[in-house]
Amino acid sequence: MAEDALIVVDMQNDFCPGGALAVPGGDEIVPIVNRLIEAAPHVILTQDWHTAGHSSFASSHPGKAPFQTVTMAYGEQTLWPDHCVQGSSGADFHPGLRWTTAELVVRKGFRTGIDSYSAFFENDHRTPTGLAGYLRERGIAKVSLCGLATDFCVAYSALDAVAEGFSTSVVLAACRGIDLNGSLTAMTRRMREAGVELI
């Protein structure tokens with residue numbers, strides 16, 4: 001029988017209030033995420049894990065400010081404040097997250113020249129993280145996602161999960177969004193149209 005897995009996306013200090021790229025209410029979902037973790041037969045975490053001076057940081061582009069965009073070799077890239085730098089406290093998981101039962105931590109965004117929103121692919125949509133293969137080898141056919149942020153790393157992970165053939169749902173009560181220029185509505189629509197179950 002096919003197994004189910006919970007993918008907890010980027011529940012890190014820098015994405016919570018007080019962090020470098022805080023998602024409004026990001027810490028509010030920790031108790032809900034913990035309950036999902038306790039109930040899940042398999043738990044996988046993603047962790048944003050940027051090098052210092054990463055190409056997605058506005059500070060790496062003179063004259064550019066956070067939330068502006070630039071064109072990279074792989075397409076348009078939103079520029080962010082420096083966040084989730086490898087080994088920093090901002091990159092650590094939220095201290096209230098009960099994540100020790102996780103079987104796998106997928107680190108993403110560690111290649112300096114390319115950002116990575118999805119748990120499955122870098123932002124070029126070609127370079128895999130290996131997660132799809134891991135899930136298939138484990139006999140996992142269904143994934144549920146939660147975490148931060150709804151309209152970026154959660155949404156892109158969900159879209160790629162569907163494209164890779166997994167039955168996919170997003171637990172909206174256990175997510176919070178950034179909503180950059182209407183991104184929350186746009187990405188919610190994209191997920192629904194792609195066949196992601198929004199619960």
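As named in an unreviewed UniProt entry, the chain is Nicotinamidase, taken from Sinorhizobium americanum. UniProt lists a comment for the chain under the heading Sequence similarities (unreviewed entry), and it reads "Belongs to the isochorismatase family."

Chemist: How would you explain the pattern of salt bridges if you had to name every residue and give the values?
Modeler: Enumeration over the complete set of coordinates arrives at 7 salt bridges. For the salt bridge of Asp10 with Lys108, the shortest nitrogen-to-oxygen distance reads 2.8 Å. Here Asp10 is found in the loop between strand S1 (3-9) and helix H1 (30-39), whereas its partner Lys108 is found in strand S5 (residues 104-108), with 98 residues between them in sequence. Residues Asp10 and Lys108 agree in their burial class; the two are buried. The shortest N-O distance in the salt bridge between Arg136 and Glu164 comes to 3.1 Å.

Basis of the calculations
Once a new chain begins, its residue numbering starts again from 1 and follows that chain's sequence as written. A pLDDT threshold of at least 70 governs which residues receive local features in this predicted model, and a stricter bar of 80 or more applies before side-chain atom pairs are shown or counted, although totals over entire chains, interfaces and linings include all residues. Neither water nor hydrogens contribute to the side-chain values; these are computed over all heavy atoms in the structure. UniProt positions are given in the numbering used here, feature names are shortened, and annotations may be inferred rather than shown by experiment. Salt bridge, as used here: a side-chain nitrogen of Lys or Arg that lies within 4 Å of a carboxyl oxygen of Asp or Glu. Numbering of helices and strands starts at the N terminus; helices are DSSP runs of H or I of at least 4 residues and strands are runs of E of at least 2. Each residue gets one of three labels from its accessible area relative to the maximum for its type: buried under 20%, exposed over 50%, partly exposed in between, using a 1.4 Å probe on protein chains only.

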